[in-house]
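Analysis of the macromolecular model
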Amino acid sequence: MLFRSESSAGLGVEALALPCDLQDAQSIAPMVEAALAHYGRIDVLVNNAGATWGAPAEEHPLEAWQKVVNLNLTATFLVAQAVGRRWMIPNRQGHIVNIASIAGLGGSLPDRMRTIAYHTTKGGVVNFTRALAAEWGQYGITVNAIAPGPFVTNITGGRMRDPAVRERFARMLPMQRVAEPEEIKGLALLLASLNKSRPSVAAHALGIARAAFEDGVRSEEHTSELQSHVRISYAVF
């Protein structure tokens, strides 16, 4: 299905909507083939689909664990594999941007988040990004991850509409506010626009709004963690 949004109509930008259940591995290849049949190429892949499940680790249902793992981690691998194999590797170019989370960079105290499957899969996405960038850099493909902090999204929207919850998360951040989805777009565009002949960044898990405070004082442990994740993990020149 083709459509044009009001914001893109003046730019002549066309979008092709291809419904796909990413938890069904058999549906991924047909989606990629349909995109290639329409556009003839896939220059940029953004792996943005995700889910979470809130429960104490000792009570987390296996079915919910598998659902989160299948969508957040397995589907990210399968879509990247399909796009890489079908177009990016043969053409020796492409940009992959994986949406991870600061939850993938460490754990959370029980009063903040009890989402063991989400933390685990987003940590997997971060290291998947590093490993794939190291392997596919030889083909001129850059692979990066964005690790947002607390954002208002379809997943968090219900909680973030509670003023008390929003204020509690805001107090943990340097700018004292929860970010909006619009604030990710510029970074995603940058990572999708790197010069294919001389990509300077690959396998960079870039955290957004990453800061942790305990008792009003920034934790040295978390400060060190932040610094370790705002450096380039692998560089391809």
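Please read these numbers as outputs of a predicted model, since none were measured by experiment. All chains use their own residue numbering, which begins from 1 and follows the written sequence. With pLDDT at 70 or above as the cut-off, local features in this predicted model cover only qualifying residues; side-chain atom pairs require 80 or more to be listed or tallied, and sums for whole chains, interfaces and linings still use all residues. Side-chain measures here rest on the full set of heavy atoms in the structure, leaving out hydrogens and waters.

**Side note on the nonpolar core**
Definition of nonpolar core: a set of buried residues of the types Ala, Val, Leu, Ile, Met, Phe, Trp, Tyr and Cys, connected through side-chain atoms within 4.5 Å. Partly exposed describes any residue whose relative accessible area lies between the buried limit of under 20% and the exposed limit of over 50%, with all areas from a 1.4 Å probe on protein chains only and scaled to the type maximum. Counting 20 residues, the largest nonpolar core has Leu-45, Val-83, Met-88, Ile-96 and Leu-132 as the members making the most contacts within it. Helical segments are the DSSP runs of H or I of at least four residues, strand segments are the runs of E of at least two, and each set is numbered from the N terminus. Those elements giving two or more residues to this core turn out to be helix 2 (28-39), helix 3 (62-91), helix 4 (116-136) and strand 5 (141-148). For this analysis, residues touch if any pair of their heavy atoms sits within 4.5 Å. Setting aside residues no more than four positions away along its own chain, Ile-96 makes contact with Leu-45, Asn-47, Ala-80, Met-88, Leu-132, Trp-136, Ile-141, Thr-142, Val-143 and Asn-144. In terms of nonpolar packing, the next biggest core, distinct from the first, is built from 7 residues, Val-97, Ile-99, Ile-146 and Ala-188 among them.

**Some thoughts on the side chain of Lys-122**
Relative to the helices and strands, Lys-122 resides in helix 4. The positive count covers Lys and Arg only, the negative count covers Asp and Glu only, and His and the chain ends enter neither. In what follows, salt bridge is the name for a side-chain nitrogen of Lys or Arg lying within 4 Å of a carboxyl oxygen of Asp or Glu. For the buried Lys-122, no salt bridge exists, and the shortest N-O distance to an oppositely charged side chain is 15 Å, to Asp-21. Those residues in contact with Lys-122, other than ones at most four positions away along the chain, are Asn-72, Ile-99, Ala-100, Ser-101 and Gly-104.

**Structural notes on helix 3**
If you check helix 3, its first and last C-alpha atoms are 40 Å apart, about what 30 residues at 1.5 Å a residue would give, namely 44 Å. To get the bend at any residue, fit one axis to the seven residues that end at it and another to the seven that begin at it, then take the angle between the two axes. In helix 3, a bend of some 55 degrees at Gly-84 exceeds every other bend along the element. Residue Arg-92 follows helix 3 closely and has a positive phi angle near 55 degrees. Multiply 1.5 Å by the residue count of a helix minus one, and that product is the helix's expected span.

**Regarding the side chain of Ser-27**
Here Ser-27 is to be found in the loop between strand 2 (15-16) and helix 2. N or O atoms within 3.5 Å of each other form a polar contact, as long as, within protein, one can give a hydrogen and the other can take it, and as long as residues adjacent in sequence are counted only when both atoms are side-chain atoms. Among the polar contacts made by the side chain of Ser-27, one reaches the main-chain carbonyl oxygen of Asp-24 at a distance of 2.8 Å. Excluding its chain neighbours within four sequence positions, the residues that come into contact with Ser-27 are Cys-20 and Asp-21.

**Re the environment of Gly-54**
In this fold, Gly-54 is placed in the loop between strand 3 (44-47) and helix 3. Each C-alpha atom, one on Gly-54 and one on Tyr-118, is 8.7 Å from the other, the two residues being 64 residues apart in sequence. Beyond its immediate stretch of four places on either side in the chain, Gly-54 contacts Arg-114 and Thr-115.

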